[in-house]
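Now for the letters of each chain:
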Protein chains: 2
Amino acid sequence: MALVVAKFGGSSVASPERIRLVANKLIALKNAGNDVVAVVSAMGKTTDELISLSETLTKNPPAREMDRLMSTGEQVSMSLMAMELEERGYRSMSFTGEQAGLYTDSRHLSAKITDIKPVRLMEAVLQGFIPVVAGFQGIDPKGDITTLGRGGSDATAVAIAYGIHADECAIYSDVDGIYTADPRVAPRAHKLDAINYDDMLELSSSGAGVLQARAVEFARKYNVVIHARSTFSDDPGTLVEGADAIMMEQAEVTGIAHDASEVKVTLRGVSDKTGVAAKLFSALAGNNVNVDMIIQNVSTDGRADITFTCPKADLPAAREVVENMLQKVSAHDYFVDESIAKVSIVGTGMKSSPGVAAKAFKALADNNVNIQMISTSPIRLSVVVSKDQMALAVRCLHTAFGLDSDSDYEEKMLSAEELAAKSKKGR
Amino acid sequence: MALVVAKFGGSSVASPERIRLVANKLIALKNAGNDVVAVVSAMGKTTDELISLSETLTKNPPAREMDRLMSTGEQVSMSLMAMELEERGYRSMSFTGEQAGLYTDSRHLSAKITDIKPVRLMEAVLQGFIPVVAGFQGIDPKGDITTLGRGGSDATAVAIAYGIHADECAIYSDVDGIYTADPRVAPRAHKLDAINYDDMLELSSSGAGVLQARAVEFARKYNVVIHARSTFSDDPGTLVEGADAIMMEQAEVTGIAHDASEVKVTLRGVSDKTGVAAKLFSALAGNNVNVDMIIQNVSTDGRADITFTCPKADLPAAREVVENMLQKVSAHDYFVDESIAKVSIVGTGMKSSPGVAAKAFKALADNNVNIQMISTSPIRLSVVVSKDQMALAVRCLHTAFGLDSDSDYEEKMLSAEELAAKSKKGR
């Protein structure tokens, strides 16, 4: 008997049939003696359809209006979910972000949660209702609807779990937990029973699509236990919690993440003077380009090559800046490589294990994987490789760090493009 | 230079192209020096689609959840309209019912407006914005979204016009004003420049679909001038206002309305005892059947026939009651006639003109129109006729009361079924 927040993403509520399936889950939780609060995303592709509709009118919609438009998606799915629960004989009520007490700042399209006061929600729980909360949305000090940006519904679930002192925040999706690597790439990957916040955060930030980094960050800050599990199975998933709660010995490496959604931009023959890099990267930041990795190679003639990676979506903005900067930094030219992938090994255990980098580089070299860029943090090592070597890199690192499971089930291997398409996670 | 509320129905905002057209209207009003507040319905068939979606899950959705579901329709159109205005260089903001200060009771699906406090709306107007308000919705004392039922968006517009002391509440639709009869039925009908609230209310209640009776009632109560006009033309439409504001001599009859949406139910051989009719009609009321006209013919053997009309939509509920009552009122049997139509002549001038009924009956008799039922009010006379005589009845009454226009333009005559389908007005 516990108080559980259960969050379901867009694909879990994409149709009336799926809504019934989710209702089954909620009812099972309730019948097992739990108090349950559901959080839902918009049905399937609804948000994309609303965005397309706005694009027929304007390329620059006011952010305030976009928030009001998009927030209708969750409002539809919450009502339908509450109806289905009532139809099945369970008392249910839906709550908008505002009614759930989810307060945010006024930064439309990517509002930050500033406070959570789920008074009505808690009242409903105490009266035996299964409240259904619209994910992704909140209310600003002016009383205007805001949305929380990418991963917003996960953040809603975690915030509410914190606000009502839930025992667990279950985040349901079409995968059944956190794996040591994406099983579609590394067939010998295995599911983790538990993972600590720091490792999960690095995995999420490095391309693992199961949980959004933002929600994990929030959970870590407020010590909310996340249970990442499958909508389509009753098996337990993976608990994401504090390192002190995890009773097993820490492995050197917890998991391998990959990310094929970035591109690499190289400026050649840049004048090797102080301040040149600063000029370039502040211009990129000013144009909202999220630069990830950077390297600079000094060449013999006093000129350097500067290379950086950024999300594919930011490429047009990056080109704009780079083309404008070429002359100012006296660069010869620039080129873009869209066929790259980042592969990261993550583990808080790395801090106390010297030689992780050496072991990784050796594994990659033994498999003829060419490393284009490297970046590190105390608990992560990332390398950029050619996209067609991505799967090989993930698999050989997975083996090298002893993560392979004993069972040798086979699964269809996907191409890098299919993976890139699949790894785009909604909210 | 005036303060104008401009309301556009679902067909006026059914597509991005139509939204642009409505924006033209709003911009023209603004450029002419007016302050403008727009009120919009949901796009086209959106509300019907949302209702269908809910029906895939349940036949008895909780009213609270239906309101939350349906209210998203207006939230989408208000955001898109505000975006379009901003795109065209005009400052605009959208407002939900709650933000517009439209307070209602908690009767979900058909909430009554209890208060209007459009503070934020007025602020926006004073700052030069064109606010766009979601029609059809309000907020109850618990902070839950409510909807106003059929004709709700017209009611929103009138309430806001009252709340901000607007000079005019323009209600745009696909017809260009109030006619002496439906021109599709009576080609010689002409547009009225003005009509008083009482006449308009009787016409609306008797089947004229241009304005919803509820909005007219609200306008009469708070003395708001409604301007019924066309979205697709710049010609002035019809002003609906107090009788004292209309400077012309009052005609005997203002207009002829028809309504093909009712059915007739007859119980034969009912025991002619006191209280039998009361028993029947209180049972019908208890089952939410909106009975319109009633007649009782006493036959020679101490038994009576009781006939009543009600909306076609209420027929299943009416059958349920009648079948259950047959024995209790010792009736022989009952039958239903779905091929009827009600034709009404309306005019406050009737009060001071004796002989209106006689003139009407003579006109109908001269044209061999058989009268099945009659009902009257001080300013209205309604007759039930066979549906295939409806158009003839409207036309001969229109001629008899001197309403025919001089121009004899021709227009396609529609069948009774087409008319019935067309006369269903949304919100």
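Residues numbered from 1 in each chain as written. Chains lettered and ligands numbered in written order. Predicted model: local features only at pLDDT ≥ 70, side-chain atom pairs only at ≥ 80, totals over all residues.

Glancing now at the relation of the copies chain B and chain A. Each copy of the sequence occupies a distinct position, and chain B is placed on chain A by a rotation of 180° and an axial shift of 0.0 Å, giving an RMSD of 0.1 Å. The relationship between the two copies is best expressed as a two-fold rotation axis. Using C-alpha coordinates, one finds that chain B approaches the rotation axis most closely at B:Thr72, a distance of 2.7 Å. A share of 100% of interface residues in chain B that are also interface residues in chain A marks the association as one of identical surfaces. (Least-squares fit on C-alpha atoms with pLDDT ≥ 70 in both. Contact = placed C-beta atoms within 7 Å.)

The nonpolar side chains of a soluble globular protein tend to be buried, and buried together. B:Val5, B:Ala38, B:Met81, B:Val133, B:Val158, B:Ile160 and B:Cys169 are the most contacted members of the largest nonpolar core, which totals 110 residues. Among all residues touching B:Cys169, those that are not within four sequence positions of it are B:Val5, B:Ala157, B:Val158, B:Ala161, B:Ala219, B:Val224, B:Val225, B:Ile226 and B:His227. (Core = buried A, V, L, I, M, F, W, Y, C linked by C-beta atoms within 7 Å. Buried ≥ 20, exposed ≤ 12 C-beta atoms within 10 Å, placed from the backbone.)

As a further point, take the pairing of strand β12 (residues 238-241) of chain A. Residues and elements named next belong to chain A. The alternating pattern of β12 places Thr238 and Val240 on one face and Leu239 and Glu241 on the opposite face, and all of these are buried. Examined bridge by bridge, strand β10 (residues 194-196) and β12 share three bridges and lie parallel to one another. Of the residues in β12, the one forming a bridge with Ala194 is Leu239. Note: strand β11 (residues 226-230) against β12, three bridges, orientation antiparallel. From the neighbouring strand, Ile226 faces β12, where its bridge partner is Val240. (Helix = DSSP H or I, 4+ residues; strand = E, 2+ residues; numbered from the N terminus. Pairing = 2+ DSSP bridges.)

Moving on, we come to the interface of chain B and chain A. In this complex, chain B contributes 27 residues to the contact, which on the side of chain A involves 27 residues. Elements with a minimum of two residues in the side of chain B that touches chain A: α1 (16-31), α2 (46-55), α3 (63-87) and β3 (92-95) of chain B. If you tally residues by element for the side of chain B that touches chain A, the top one is α3(B), at 14 residues. Per-class residue counts for the side of chain B that touches chain A are 12 nonpolar, nine polar and six charged. (Nonpolar A, V, L, I, M, F, W, Y, C, P; charged D, E, K, R; others polar.)

Before going further, it helps to examine the confidence of the model for chain A. Residue and element names in this part refer to chain A. Per-residue pLDDT for chain A has a mean of 90; in total, 93% of the residues score no lower than 70. In this model residues 408-413 is a low-confidence stretch, pLDDT under 50, and it forms seven contacts with partners more than four residues away in sequence or in other chains. Predicted confidence is poor over residues 423-427, with pLDDT under 50, and the contacts of this stretch with residues over four places away or in other chains come to 13 contacts. ipTM for the predicted complex: 0.77, alongside a pTM of 0.81. (pLDDT = per-residue confidence, 0-100.)

The subject of this paragraph is the environment of B:Glu323. Residues and elements named next belong to chain B. With respect to the secondary-structure elements, Glu323 resides in helix α9 (residues 315-325). Residue class for Glu323 comes out exposed when judged on the 10 C-beta atoms lying within 10 Å of it. For the pair Glu323 and Gly207, spaced 116 residues apart in the sequence, the C-alpha separation amounts to 29 Å.

Of the residues making up α2(B), those classed as buried are B:Thr47, B:Leu50 and B:Ser54. Axial view of α2(B): buried residues confined to an arc of 60°, hence all on one face. Within α2(B), the exposed residues directed more than 90 degrees away from the buried face are B:Glu49, B:Ser52 and B:Glu55. In the core, the buried residues of α2(B) are packed alongside α3 (63-87) of chain A together with α3 of chain B. (Arc of directions from axis to C-beta.)

What follows is about the domain arrangement of chain A. Residue and element names in this part refer to chain A. On domain assignment, one finds that chain A holds domain 1 (3-248) and domain 2 (249-427). A separation of 30 Å is found between the C-alpha centroids of domain 1 and domain 2. Taken together, the 31 residues of domain 1 in the interface contact 32 residues of domain 2. Examining the composition of the side of domain 1 that touches domain 2, we find that four residues originate from one element, helix α6 (residues 197-205), more than from any other. (Domains from an automatic or database assignment.)

This next bit is on unusual backbone geometry. All names here are of chain B. Backbone geometry places Asn288, a non-glycine residue, at a positive phi of 60°. Following the sequence through the fold, Asn288 ends up in the loop between α8 (276-286) and β15 (294-298). Judged by C-beta crowding, with 10 C-beta atoms within 10 Å, Asn288 ranks as exposed.

Residues and elements named next belong to chain B. By the criterion of burial, strand β11 (residues 226-230) is predominantly enclosed, with four of the five residues buried. Bridge analysis of strand β9 (residues 168-173) against β11 gives five bridges, and the strand direction is parallel. Following the sheet pairing, Ile171 is matched in β11 by Ala228.

Residue and element names in this part refer to chain A. As a packed pair, helix α2 (residues 46-55) and α3 sit with axes 8 Å apart at the nearest point and diverge in direction by 145°. When you trace α2 past α3, the crossing you get is right-handed. Residues Thr46, Thr47, Leu50 and Ser54 of α2 form the contact with α3, whose participating residues are Met66, Leu69, Met70 and Gly73. Each residue belonging to the contact of α2 with α3 can be placed in one class, and the counts come to four nonpolar, four polar and no charged. (Axes fitted to C-alpha atoms, helices over the stretch in contact; angles between N-to-C directions. Left-handed = near helix turned anticlockwise from the far one by under 90°.)

Take the environment of B:Pro62 next. Residue and element names in this part refer to chain B. Mapped onto the elements, Pro62 comes out in the loop between α2 and α3. On the neighbour-count criterion, Pro62 (20 C-beta atoms within 10 Å) is buried. For the pair formed by Pro62 and Leu109, sequence separation is 47 residues and the distance between their alpha carbons is 9.9 Å.

With that settled, consider the sheet that holds strand β13 (residues 255-259) of chain A. Each strand in a sheet pairs with its neighbour through backbone hydrogen bonds, running either in the same direction (parallel) or in the opposite one (antiparallel). All names here are of chain A. One open sheet accounts for four strands, arranged β13-β18-β20-β19; its pairing is antiparallel. Each edge of the sheet is formed by a strand with only one pairing partner; in this case those strands are β13 and β19 (373-377). Mean inter-strand twist for the sheet, computed between neighbouring axes without regard to direction, equals 20°. Note that β13 and strand β18 (residues 340-346) share five bridges and pair antiparallel. Paired with Asp259 across the bridge in β18 is Lys342. Contacting β13, β18 and β20 (380-386), α6 crosses the sheet at an angle of about 175° to β18.

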